[in-house]
Amino acid sequence: MTTVTALEKLQMIALELKDFAIEREDEVDTAVCALLSGQHVLLLGAPGLAKSMLARELCRRVEGASYFEYLLSKYTTDKDLFVAVTNIEEKETANGGKSVKFVPDTSGMLPGAHIAFLDEIFKANSATLNALLTLINERKFHIQGKPVTCPLISMFGASNEIPEAEEGLDALYDRFMVRFVVERVKERGNRIRMRSQSRSRRAGQATGGLHPTTLTLAELLDLQKQVYQVQVPQVIDERVEELIEKLIAEGIIISDRRDVRIDPLIQAHALMEGRNQVNETDLTILQYCFWSQPSEIKTVQRVVLSISNPMENKAIELLDQATEIKDNAVQAANGSAGAEANSKLKKLVVAIDELIQQAQAQGAPATKIVEVKAKIQGFNKEVVRVCLGLDI
């Protein structure tokens, strides 16, 4: 019988979660790398987008890991997060009296969590946020003036909006190395698949449940040690410097705090790809780390991919063109616009095929380029259906 390694288990978990979390492939891959490297993840987006699902499912796949989840508000106190109950201990004193001691019990609360999800994380009051900052940054919680080490691996935070500068939340915001803007499932076929999978899951739970891949907490912690053994050659430092300089030229500044957290994340990415040395393609994950405002996302993506994977960068440019062609045709919703868009989208698919061939010839990753091709083909089907009344 073949023994499945911890790394293979985690790779299978990522595949299963990507099938489960439709149109969340990048979020899943990056969240797994964040978990491996002990980084924190911020998910921005409107309510109802299943932002908590990713953290909850990841923890469910780690046997022995503790999970904590809470919705914060301005009325949330640190006790809501850190203390379950306060026990009263009474002891008799030598003179026959009694001494009373109040002992906080943190069982099942945030200080004992390996993975945590805090919704509306920027809505809490300053005292609660200060306590969170210490926990997130130092993995410590103070009980009666004494620091206690916490086992927190990754914190997932969620918010409907980015905190304003005057709110004084910059330090907390900066602790979230990985950031995503989560959007609703856009593609028609994926929405249908999402509903179908939801029905299947409900049926599966009714008949005994699913059997997802899991790994133990000990295996995860061992993989974390392996992350730091992944080699980072000097050429990678040079490429990172080039990347940072290009971002500075675009007016995007990377804090020193974020700079020194680059290595663990790209090392984790390399490990997940089955390598013991980082290469330039691992820098692709940094596109989710270097923006502060959503308006910077496209710029950061372009700069990062220009260094880490130029062919993927070109594919995304073609996808942007395809999106515009599709949107214009669907808005016009007539046969002439549909025929023109159909022709243009087919040419873009040919261009994508050429990029795939180039990537394969150079031994570069082509997965994302293949995904772009599938999206453009999906656009073409939508155009033909809406404008020409045909299902292809």
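Shown above is the structure to which this text applies.
Everything numeric here is computed off the predicted structure, so don't read it as measured data.

In this section: the layout of surface pockets. In this structure, the largest pocket encloses a volume near 1800 Å³. In terms of lining residues, the largest pocket is bounded by 47 residues, among which Glu23, Lys186, Glu187, Leu319 and Lys375 are the most central. Residue assignment for the lining of the largest pocket shows that the elements contributing at least two residues are helix H2 (25–37), strand S10 (178–181), helix H7 (188–206), helix H12 (297–308), helix H13 (310–332) and helix H15 (367–388). The class makeup of the residues in the lining of the largest pocket is 15 nonpolar, 8 polar and 24 charged. A volume near 670 Å³ is recorded for the second largest pocket. What lines the second largest pocket is a set of 26 residues, among which Lys18, Asp29, His269, Glu273 and Lys368 lie closest to the centre. Counting only elements with at least two residues in the lining of the second largest pocket, the list comes to helix H1 (6–20), H2, helix H11 (262–272) and H15. In terms of residue class, the lining of the second largest pocket is built from 9 nonpolar, 8 polar and 9 charged.

So, on to the side chain of Thr281. As for its placement among the helices and strands, Thr281 is situated in the loop between H11 and H12. There is a polar contact of 2.5 Å between the side chain of Thr281 and the side chain of Asn279. Residue contacts for Thr281: discarding those within four places in its chain leaves His269, Arg275, Ser308 and Pro365.

Applying the stated rule across the entire model yields 1 cavity of 30 Å³ or more. What the largest cavity holds in volume is close to 90 Å³. Taken together, Ala21, Arg24, Glu27, Val28, Leu43, Leu49, Ala50, Lys51, Met53, Leu54 and Val182 make up the full set of residues lining the largest cavity. Those elements that provide at least two residues to the lining of the largest cavity are H2 and helix H3 (51–60). A class-by-class count of the residues in the lining of the largest cavity yields 8 nonpolar, no polar and 3 charged.

The end-to-end C-alpha separation of H12 is 16 Å, in line with the 16 Å expected for 12 residues at 1.5 Å each. Along H12, the positions that sit buried rather than exposed are Thr299, Val300, Gln301, Val303, Val304, Leu305, Ile307 and Ser308. Those residues of H12 hidden inside the fold are in contact with helix H9 (234–249) and H13.

Further remarks concern the environment of Gln301. Within the secondary structure, Gln301 sits in helix H12. Placed 10 residues apart in sequence, Gln301 and Trp291 show a C-alpha to C-alpha distance of 9.1 Å. Sequence-distant contacts of Gln301, that is, excluding residues within four places in its chain, are made with Gln287, Asn313 and Ile316.

Cut-off values and rules
Residues numbered from 1 in each chain as written. Predicted model: local features only at pLDDT ≥ 70, side-chain atom pairs only at ≥ 80, totals over all residues. Heavy atoms only, no water. 1 Å grid on protein atoms, 1.4 Å probe; cavity = no way out; pocket = protein on both sides within 12 Å on 5 of 7 lines; lining within 4 Å. Points joined across faces, edges and corners; volume = space filled by probe spheres on them. Helix = DSSP H or I, 4+ residues; strand = E, 2+ residues; numbered from the N terminus. Nonpolar A, V, L, I, M, F, W, Y, C, P; charged D, E, K, R; others polar. Polar contact = N/O pair within 3.5 Å; in protein donor to acceptor, adjacent residues only side chain to side chain. Contact = heavy atoms within 4.5 Å. Expected span 1.5 Å × (residues − 1). Buried < 20%, exposed > 50% of the residue type's maximum accessible area, 1.4 Å probe, protein only.

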